[in-house]
Amino acid sequence: MDIAFFIYISMAMFAIGIIGVLAKRNTLIFFLSIELMLNAANLLFVAFSRQWGNQIGLVWVFFVLVVAAAEAAVGLAIVIHQFRAKQVVDIDQYDELRG
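Since the structure is predicted, the reported quantities are computational estimates derived from the model, not experimental observations. (Residues numbered from 1 in each chain as written. Predicted model: local features only at pLDDT ≥ 70, side-chain atom pairs only at ≥ 80, totals over all residues. Heavy atoms only, no water.)

### Details of the side chain of Ser10
So, step 1. Among the secondary structure elements, Ser10 is positioned in helix 1 (residues 3-23).
So, step 2. Within polar-contact distance, the side chain of Ser10 engages the backbone oxygen of Ala40 at 2.7 Å.
So, step 3. Ignoring sequence-local partners within four residues, the contact set of Ser10 consists of Ala40, Ala41, Leu43 and Leu44. (Helix = DSSP H or I, 4+ residues; strand = E, 2+ residues; numbered from the N terminus. Polar contact = N/O pair within 3.5 Å; in protein donor to acceptor, adjacent residues only side chain to side chain. Contact = heavy atoms within 4.5 Å.)

Put into structure tokens, the structure is as follows:
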């Protein structure tokens, strides 16, 4: 397959993620959209790694997956704590996290 196909798919995934971050106020949708954007970047890393015939892109995929897992763990812990405290998952209600 041509690399342009993977670039277009990745751009579509990233655009859907941006729309989800900007349009929705639900925290779970917010985190899901961020994960979608990170996976779009991973798709590009794998596609270019295959196109150029080296393994550096796959190393970056591993790094991005580690960051995504840490973000999901910490983010979901914050969401669960805030839901237990306020019974809401709306991002606008999380103003007490400011320092």
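### Some points on the packing of aromatic side chains
So, step 1. Evaluation of the coordinates by the stated rule reveals five aromatic pairs.
So, step 2. Residues Phe30 and Phe31 carry aromatic rings whose centres are separated by 5.8 Å and whose planes lie at 75° to one another, so their mutual orientation is edge-to-face.
So, step 3. On the accessibility criterion, Phe31 (18% relative accessible area) is buried.
So, step 4. Their ring planes at 25° and their centres at 6.3 Å tell us that Phe45 and Trp60 sit as a pair that is stacked. Note that Phe45 is positioned in helix 2 (residues 27-52) and Trp60 in helix 3 (residues 56-86), a separation of 15 residues in sequence.
So, step 5. When its relative accessible area of 28% is taken as the criterion, Phe45 is described as partly exposed. (Phe/Tyr/Trp six-rings, centres within 6.5 Å; stacked < 30°, edge-to-face > 60°. Buried < 20%, exposed > 50% of the residue type's maximum accessible area, 1.4 Å probe, protein only.)

### Some thoughts on helix 2
So, step 1. Taking 1.5 Å as the rise per residue, helix 2 with 26 residues should run 38 Å; its terminal C-alpha atoms sit 38 Å apart, in good agreement.
So, step 2. At its buried positions, helix 2 is contacted by helix 1 and helix 3.
So, step 3. For helix 2, the N-terminal cap is Asn26; the gap from its side-chain oxygen to the backbone nitrogen of Leu28 is 3.1 Å.
So, step 4. Two residues or fewer after helix 2 comes Gly53, characterised by a positive phi angle close to 75°. (Expected span 1.5 Å × (residues − 1).)

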